[in-house]
Amino acid sequence: MLQIEDLHSRLGETPILRGVNLRVLAGEVHVIVGANGSGKSTLGRVLLGDEQHTVTQGTVTLGDADLLALEPHERAQAGFFLSFQSPPAIDGVSAVDLLHAGAQAASEERVSHFRFKKQLGAHLRTVHLGEEFVNREIHKGASGGERRKLELASMLALEPKLAFLDEVDSGVDIDGIHAMADALRQYMAGGGRGLVIVSHGERLLDHLAPTHVHVMADGQLVESGDATLLQRVKQEGFAQRKGALERRGIGTVRTEA
Amino acid sequence: MTDALVDFTQITRRDLDTPDASAYADEFAKGIDEALVRKISADKGEPDWVLAVRLKALAQFHTLEMPSWGPDLSGLDFGQIRYFATATNTPNAKTWADVDPTIKKTFERLQIPQAERALLAGVGAQYESETVYHSLKAEWEEQGVIFLDFDEAVRTHPELVKKHFTRVVPINDHKFAALHYAVFSGGTFLYVPSGVRVTQPLQAYFRMNAINQGQFEHTLIVVEEGAQAHYIEGCSAPKYGSASLHAGCVEVQVGAGASCRYSSVENWSADTFNLNTKRSVVQARGRMEWIGGNLGSGTTMLYPCSVLVGAEARADHLGVAFANAGQNQDTGAKVILQGERTRATVVSKSLSKGGGVSTYRGLIDVGARATDAVVNVECDALMLDGESVSDTIPYIRCGNDTASITHEASAGKISEETLLYCASRGLDPEVAKGVIVNGFLDEVVKTLPLEYASELNRLIELEMEGSIG
């Protein structure tokens, strides 16, 4: 479904992604862990098409679509969803109006505003947000936790093929984590969907059963494995893990000068 | 047929910009002099006191200086404007069937008869210098409400008009007020007696048609003690590429405990100098609301004013201005607080695009007697591209230490992060800008009746077309 091959990018003159390879099939839940600055968030931004990042090499396909050839909104319409760590508030624009406009843009048929609103209300309940968030100005005066929950509800409403969730669990309390895990299970139950979760290895991952775990360092996925890799990383930490990898000669781990 | 339903969103730029034939205009000379002023007065069969006002105003017009501040008015040649023209021999019809068919068609295109049937208490329709249609539903007439073409009101209610005319805006207020009083023609007289609450809006629509036309309608609204009215004004003119002038004047008197809401959507063509004067005097516990959308026009200077003379009088000014390429929207609000515990709110939202210039110019004047007055001003400007300009020029005079005045201003562009966020939900940049602009204006637009809110949204949409450079 999502196929990333040898993806390189720069931010200004600085190389960030240095050859990312990743394949996500329908039904798979991938977790990417890594130290701050290892390139996890950049990967999401590059997949969306943030103009601040320049792709210098590599290919990305989502289904039949050559993702890198598309504008950001076309990538979203093709089924790619990125959650924002700090989504912006937009004056006077409600969540339902923004998301309905997006759903309508992705659909060739008319999307009923009334029905969409009702569904969004249900998704908000799933992530433990009040239904008033349907009509409230999007992200205005909302806490970090509320914003991230609304991002997940947005994902449920837009039904993407591939959701890339960037630290959606930070700043969310334990009840919220349970709700988010429910939301992610509900999303995957929709069928034909894939999930990439970027996290610092926090509590959300305890409630999910990732099919794949990747360690990111210096712009590459340097180690991949099943859920047990998560436990090893948790015990050893990234720095030790990176050292161990280098000693074993795995990956081409580079350190910034 | 669905023509009983009003839907302003069907109106296209072509409906607004396309002129009717205007051979009639050739019979009327351009330029202004005493002979013209006397002719206008004689045509209307006015009493001498009105002619005296006109002649005094003409003298003031010649004496008063052009404004030394604000937008450039050098493109306005007073000698090239046609100050008075009539397009029909049957003015002031009481039914649409009696209106000249061409003119009727124009107003139908602008959805006015449809709106009248659907939601209005009464309608006035002015074409060039004359009112072509005026009506008031019987239930309001029976309660003593007077809603007439201004010229007719001078004839039929001379004492009432004389008592209130020129009391709110003096004839020497400024050069364009003087010009207005010299050549005014048409407009509205609305009188709501004590205690009568007119719950449906009343509307007047002003249409200029011929090239180089001037329109100078006078609107006089008197809302007596405890009464209520909502007046809606709409305006448009076709596009010629040669200057036309609108210098209307609105005088509103709000009695004790009365309330008046004045909503207007001014949508003149880009050729128009819109130099308009609107002012209200509000007695104790009275409330005045000005809700304005300024689109179109080449140059606008418009600063609705509320003078709060009575204790606990209140004014709310909500304004939207959109300056597109080649346009200069110089708009704002003036509030003069004189009574104790008077309150005022000003919310101004301006948009500029394609190099347009949008300026908020405001005056808050708290008098010595205005103990515990409260004023909140909020000005937000959104520039839709790098070449557009937005300015905020607030003046605050405070003559009483107990007053509380806040002024908040913001100016900015739509951030790249916001556009990217919208894109991540599937919105292309053009759709996203539309959604963001609607949201930016929402606070003001939602105060309009639904049909007019839709109209304003539609007009904004027309201005937004091709906003991706």
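Not measured: the values here are computed from a predicted model.

**Some thoughts on the overall build of chain B**
Looking only at helices and strands, one finds 12 helices and 22 strands in chain B. In terms of overall size, chain B behaves like a compact globule, its C-alpha atoms giving a radius of gyration of 21 Å where 469 residues would be expected to give roughly 23 Å. Dimensions of chain B, computed from C-alpha atoms along their principal axes, come out at roughly 65 × 55 × 50 Å. The burial tally for chain B puts 61% of its 469 residues in the buried class.

**Notes on the domain arrangement of chain B**
Residue and element names in this part refer to chain B. Taken domain by domain, chain B holds domain 1 (13–415) and domain 2 (416–469). Relative to domain 2, the C-alpha centre of domain 1 lies at a distance of 27 Å. Between domain 1 and domain 2, the residue contacts involve 34 residues of the former and 25 residues of the latter. Taken together, the two surfaces of domain 1 and domain 2 that pack against each other cover about 2,500 Å², and 71% of this comes from carbon and sulfur. Along the contact surface separating domain 1 from domain 2 lie one salt bridge. Note that K349 and E443 form a salt bridge whose closest N and O atoms lie 3.3 Å from each other. Counting across the interface, domain 1 meets domain 2 through 10 residue pairs in polar contact (both at pLDDT 80 or more). Looking at the side of domain 1 that touches domain 2, the elements that each hand over two or more residues are α1 (13–17), α5 (112–119), β8 (228–236), β11 (259–268), β13 (287–296), β16 (314–323), β18 (343–352) and β20 (374–383). Grouping the amino acids of the side of domain 1 that touches domain 2 by side-chain chemistry returns 17 nonpolar, 11 polar and six charged.

**Quick word on the side chain of R75 of chain A**
Residues and elements named next belong to chain A. Relative to the assigned elements, R75 resides in helix α2 (residues 72–77). Buried R75, no salt bridge; nearest opposite-charge side chain is E74, N-O distance 7.0 Å. Each residue touching R75, except ones within four places of it in the same chain, is listed here: V46, L47, L48, G49, L67, L68, L70 and F80.

**Looking at the interface of chain B and chain A**
On the chain A side, the residues contacting the 17 residues of chain B number 29 residues. Across the chain B to chain A interface the summed buried area is about 1,800 Å²; carbon plus sulfur atoms make up 69%. Taken together, the connections running from chain B to chain A amount to two salt bridges. One salt bridge connects R425 of chain B with E151 of chain A, and the closest N-O pair in it is separated by 2.9 Å. Mapped by element, the contributors of at least two residues to the side of chain B that touches chain A are α10 (416–424) and α11 (429–445) of chain B.

**Focus on the confidence of the model for chain B**
Low pLDDT marks stretches whose predicted atomic positions should not be read closely. Looking at chain B as a whole, its pLDDT mean stands at 91, while 98% of the residues score no less than 70. Both scores are available for the predicted complex, with the pTM at 0.85 and the ipTM at 0.94.

**Some words on the sheet that holds β8 of chain B**
Residue and element names in this part refer to chain B. Strand order in the open sheet formed by 10 strands is β2-β1-β5-β8-β11-β13-β16-β18-β20-β22, with mixed pairing between adjacent strands. Taken across any chain shown, the strands that pair with only one partner, and hence form the sheet edges, are β2 (130–136) and β22 (404–413). Here the average twist between neighbouring strands, direction ignored, is 5 degrees. Here 10 bridges tie β16 to β18, and the two strands are oriented parallel to one another. Residue pairing for β18: D316 is matched across the bridge by T345. Packing of helix α4 (residues 101–109) onto the sheet brings it into contact with β1 (122–127), β2 and β5 (202–207), and relative to β1 it is tilted by some 120 degrees. Sitting on the sheet, helix α12 (residues 450–464) is in contact with β5, β8, β11, β13, β16 and β18, with an inclination near 30 degrees to β13.

**Quick word on the pattern of salt bridges**
Residue and element names in this part refer to chain B. This structure, assessed with the given rule, holds 29 salt bridges over all chains. Salt-bridge contacts for R279 lead to D173; the nearest nitrogen and oxygen are separated by 2.5 Å. Within this pair, whereas R279 is found in strand β12 (residues 272–282), its partner D173 is found in the loop between α8 (158–164) and α9 (175–183), the two being separated by 106 residues in sequence. Between K278 and E266 there is a salt bridge, and its shortest N-O distance comes to 3.0 Å. Placement of K278 in strand β12 and of E266 in strand β11 is noted, with a sequence separation of 12 residues between them. One exposure class covers both K278 and E266, and it is buried. Bridged by salt links that share partners, the residues R261, R287, E289, R314 and D316 form one connected network.

**Let's talk about the packing of α10 of chain B against α11 of chain B**
Residue and element names in this part refer to chain B. Running from N to C, α10 and α11 point in directions that differ by 110 degrees, and their axes come no closer than 9 Å. With respect to their mutual orientation, α10 and α11 come out roughly perpendicular. The hand of the α10/α11 crossing is right-handed. Contacts between α10 and α11 involve T418, L419 and C422 from the former and P429, A432, K433 and I436 from the latter.

**Details of the sheet that holds strand β8 (residues 194–198) of chain A**
All names here are of chain A. In spatial order, the strands read β6-β7-β8-β3-β9-β10; together these six strands make up an open sheet with mixed pairing. The sheet is open, and its two edges are formed by β6 (80–82) and β10 (220–225), each paired on a single side. The average angle at which neighbouring strand axes cross in this sheet is 20 degrees, direction not considered. Looking at chain direction, strand β9 (residues 212–217) and β10 are connected through five bridges and run antiparallel. Bridging from a neighbouring strand, M216 pairs with L221 of β10. The strands touched by helix α1 (residues 40–48) are β3 (29–34), β6, β7 (162–166), β8 and β9; relative to β6, the strand with the most contacts, the crossing angle is about 140 degrees.

**Re empty space enclosed by the protein**
Remark: the empty space left among the atoms is shown by a probe the size of a water molecule rolled over them. Residues and elements named next belong to chain B. This model, assessed by the stated rule, comprises six cavities of 30 Å³ or more. Size it by volume and the largest cavity reaches roughly 220 Å³. Put simply, the parts of the chain that give the lining of the largest cavity at least two residues each are β11, β13, β16, β17 (328–337) and β18. Broken down by class, the residue content of the lining of the largest cavity amounts to 12 nonpolar, eight polar and two charged.

**Re the pairing of strand β7 (residues 218–223) of chain B**
Remember that side chains alternate between the two faces of the sheet whenever the strand is regular. Residues and elements named next belong to chain B. A large share of β7 lies buried, amounting to six of its six residues. Residues H218, L220 and V222 line one face of β7 and the alternating positions T219, I221 and V223 line the opposite face, and both faces are buried. Note: strand β4 (residues 187–192) against β7, six bridges, orientation parallel. Each residue of the ladder has a partner; that of L190, found in β7, is I221. In the sheet, β7 pairs with strand β10 (residues 249–254) via six bridges, with the strands oriented parallel. The partner of I221 across the bridge, within β10, is V252.

**Considering the environment of I436 of chain B**
All names here are of chain B. Among the structural elements, I436 can be located in helix α11. The exposure class of I436 is buried, given its relative accessible area of 8%. Spatially, the C-alpha atoms of I436 and A411 are 14 Å apart, while their sequence positions differ by 25 residues.

Rules used in this analysis
- Residues numbered from 1 in each chain as written.
- Chains lettered and ligands numbered in written order.
- Predicted model: local features only at pLDDT ≥ 70, side-chain atom pairs only at ≥ 80, totals over all residues.
- Heavy atoms only, no water.
- Helix = DSSP H or I, 4+ residues; strand = E, 2+ residues; numbered from the N terminus.
- Rg over C-alpha atoms; globule rule 2.2 N^0.38 Å.
- Buried < 20%, exposed > 50% of the residue type's maximum accessible area, 1.4 Å probe, protein only.
- Domains from an automatic or database assignment.
- Contact = heavy atoms within 4.5 Å.
- Buried area = accessible area lost by both parts, 1.4 Å probe.
- Salt bridge = Lys/Arg side-chain N within 4 Å of Asp/Glu carboxyl O.
- Polar contact = N/O pair within 3.5 Å; in protein donor to acceptor, adjacent residues only side chain to side chain.
- Nonpolar A, V, L, I, M, F, W, Y, C, P; charged D, E, K, R; others polar.
- Lys, Arg positive; Asp, Glu negative; His and termini not counted.
- pLDDT = per-residue confidence, 0-100.
- Pairing = 2+ DSSP bridges.
- Axes fitted to C-alpha atoms, helices over the stretch in contact; angles between N-to-C directions.
- Parallel < 35°, antiparallel > 145°, perpendicular 65-115°, else oblique.
- Left-handed = near helix turned anticlockwise from the far one by under 90°.
- 1 Å grid on protein atoms, 1.4 Å probe; cavity = no way out; pocket = protein on both sides within 12 Å on 5 of 7 lines; lining within 4 Å.
- Points joined across faces, edges and corners; volume = space filled by probe spheres on them.

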